[in-house]
Amino acid sequence: DAKAQGRNTWHWFEGTTTVVHNEYVTLRRELMEAIEQEQFVLYYQPIVAADSGIVRGMEALVRWQHPERGFVSPGDFIPLAEQTGQIVAIGQWVLHRACSDLADWNARMDRRMPVSVNISPLQFRRYGFLDEVRRVLDITGLEPELLELEVTENVLMSGAGQAIETLREIRKLGVKVSIDDFGTGYSSLRYLRQLPINKVKLDRSFIMDITENSDNAAIVQGVITMAHHLGLIVVGEGVETAEQAADLRHRECDLLQGFLFSRPVPFDQLDLSGSINR
Ligand code: C2E
Ligand code: MG
Ligand code: MG
Ligand code: MG
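Please read these numbers as outputs of a predicted model, since none were measured by experiment.

(A) Representation of the confidence of the model for the protein chain within the structure. With 92% of its residues at a pLDDT of 70 or more, the protein chain has an overall mean of 90. Across residues 1-12, where pLDDT falls below 50, the model places 20 contacts with residues more than four positions away in sequence or in other chains. Overall fold confidence for the complex sits at a pTM of 0.92, while the interface term, ipTM, reaches 0.98.

(B) Expanded view of the coordination of the magnesium ion (ligand 3). With distances of 1.6 to 2.0 Å, the protein atoms coordinating the magnesium ion (ligand 3) are Asp180 (OD) and Glu237 (OE). Metal-to-metal, the separation of the magnesium ion (ligand 3) and the magnesium ion (ligand 2) is 3.4 Å; aspartate 180 coordinates the two. Remark: glutamate 237 occurs in the loop between β8 (233-236) and α12 (242-250) and aspartate 180 occurs in strand β6 (residues 176-182); sequence separation between them is 57 residues. On the basis of relative accessible area, aspartate 180 is assigned to the buried category, the value being 7%.

(C) Fine view of α12. Listed in full, the buried residues belonging to α12 are Gln244, Ala245, Asp247 and Leu248. One face of α12 carries all of its buried residues, which in axial projection span an arc of 165°. Of the exposed residues in α12, those oriented more than 90 degrees away from the buried face are Glu243 and His250. Tucked inside the fold, the buried residues of α12 contact α10 (204-208), α11 (214-229), β8 and β9 (255-256). At the C-terminal side of α12, glutamate 252 shows a positive phi close to 65°.

Parameters and conventions
- Residues numbered from 1 in each chain as written.
- Chains lettered and ligands numbered in written order.
- Predicted model: local features only at pLDDT ≥ 70, side-chain atom pairs only at ≥ 80, totals over all residues.
- Heavy atoms only, no water.
- pLDDT = per-residue confidence, 0-100.
- Contact = heavy atoms within 4.5 Å.
- Donors = N, O, S within 2.8 Å, 3.2 Å for Na, K, Ca; no water.
- Helix = DSSP H or I, 4+ residues; strand = E, 2+ residues; numbered from the N terminus.
- Buried < 20%, exposed > 50% of the residue type's maximum accessible area, 1.4 Å probe, protein only.
- Arc of directions from axis to C-beta.

Okay, here's the thing in structure tokens:
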């Protein structure tokens, strides 16, 4: 039957590559079940201060705990969920869970730890998104200043006028915004100037070979200098080696995130007490 066939062809579906029809149908149905049965879990990855290693925040990253396939990473279902529109329901769940996890923790620990949540283009552009953010903050009690939404630059480029208006409204709530995977899209540094954002997250592809590739190193330095000039905070993503961390520190990158410090882990496995020095 279609389900069995879907299972056999599962490995064909990788990221944004074409999905064979059977598999598309199967996955869509399974995603529907996953939404109904809340088969998703959130992992969190710490974001640390480049100078001290003190944990300054964390990013929520969704995983699908599939009853038969086991753990499915977001790269294998987010693109499809974006196509089918199911990302809206998944995104709502993620936003709610992340805010409630952090609100609980902050109340218990008497601290102010922020959380970053990835927002997909469809979710961001949807009418009613702002109300959803307001409602989640209201229900969970998380301070708006402790929520940060991560959007990619292309989200802001296409439909620019409306997107900037949405950004302004988000900022009015006190919620922060960062540009994810910066450098991989088509926006220019100059464009950043017009955006009411707080942070730029330098894409992992620039960090990966920063110590060997002088072109990438120059881009990274340019982004950091320019972002600081505009009053923005810069995060280096995907830091895996001590050399990369040292290089980014030397270039005055503000925050670092990557396997060197911690992989994404379930909330109860996070150690947020001290600093992670690497
Ligand atoms: P992203 O937002 O850029 O998240 C960073 C990704 O890089 C995560 O992959 C993280 O586990 C991985 N990463 C972090 N440090 C390192 C490192 O040092 N080395 C390497 N090789 N990788 C590192 P993950 O969790 O598989 O997520 C992939 C993408 O899926 C995310 O990229 C984001 O675009 C999307 N995503 C994840 N969760 C959500 C979500 O809740 N909603 C939406 N709309 N998208 C999500
Ligand atoms: Mg992100
Ligand atoms: Mg990122
Ligand atoms: Mg990335």
